[in-house]
Amino acid sequence: VVTRDDVEESMKEMWQYAKDKEQLLKDLHSQIEETDQKLSAKQNERDYWLEYKNVGSKAQANKIMDLEKDIKEVKEDLHRATEYYRNALTAVKEEKDRLLERHVELSKEQAPEHAVRYLDKDIRREIEENEWLKEEVKVYRKRVSDLEASIQLLQEENIGLVTKLIDTRLQILGV
C-alpha cells in the first residue's frame, strides 16, 4: 500500500521529469528549425549563384561550388544532429522507464512497512502474534516430525522383539 503523499510526490517528480524532457524536445525542435532555415537560405543562395553561373559568369563558379559544399555539410550536420537527438531522446525515454520501474519496485517493497506504520496498536500486536504463531507452528511441526520418526523406530524395534519372543516361544514349545 502506498500513501497518497508518496503517490503525489512520485507524480510530481514524474511530471517535472516529463516537463524537462518536453523542454529539451522543444529546444531540439527549435535547433532543427534553425538548421532548416539555414539550409533554406543556403539553397536559395545556391539557386541564385547557379542562375548567375548559367548566365556566363565563370569567375563565381568556385564560390558556387563552395556554397554547394557548405549546403552539403549543413545537410550532413542536420542529419547527424537529428540522429544524435533521436538517440538522446530514446536514451532519455529508456532511462525514464527504468527509473519509473525502479521507483515502482521500491514502492512495492516499502508498501507493507508503510501500511504497518499506520495501523493501530491492536492490529500491530495481532500481526506480531501471527508472526510468532507461524514460528511456533514451524517448531511444532519439527517436533511432530521428530516424534513420528522416533515412533517409527520404536515400532520397528517392538516388531523385532515380538518376532524374537514368538520365535523363542516356538522353540520352547518344540515346534
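Residues numbered from 1 in each chain as written. Predicted model: local features only at pLDDT ≥ 70, side-chain atom pairs only at ≥ 80, totals over all residues. Heavy atoms only, no water.

The name that an unreviewed UniProt entry assigns to the protein is CCD83 protein, with the source organism given as Ardeotis kori.

J.: Which residues make up the layout of surface pockets, and what values do they have?
T.: Taken as a whole, the largest pocket holds about 180 Å³ of empty space. Together, Ser10, Glu13, Met14, Tyr17, Lys96, Leu99, Leu100 and His103 line the largest pocket. Mapped by element, the contributors of at least two residues to the lining of the largest pocket are helix H1 (4-55) and helix H2 (61-117). (1 Å grid on protein atoms, 1.4 Å probe; cavity = no way out; pocket = protein on both sides within 12 Å on 5 of 7 lines; lining within 4 Å. Points joined across faces, edges and corners; volume = space filled by probe spheres on them. Helix = DSSP H or I, 4+ residues; strand = E, 2+ residues; numbered from the N terminus.)

J.: Could you give an account of the pattern of salt bridges, with specific residues and numbers?
T.: Overall, the coordinates contain 11 salt bridges when judged by the stated rule. Where Arg86 meets Glu83, a salt bridge forms, and the shortest distance between an N and an O atom there is 3.1 Å. Of the two residues, Arg86 and Glu83 both sit in helix H2, three residues apart, roughly one turn of that helix. Judged by relative accessible area, which is 32%, Glu83 ranks as partly exposed. (Salt bridge = Lys/Arg side-chain N within 4 Å of Asp/Glu carboxyl O. Buried < 20%, exposed > 50% of the residue type's maximum accessible area, 1.4 Å probe, protein only.)

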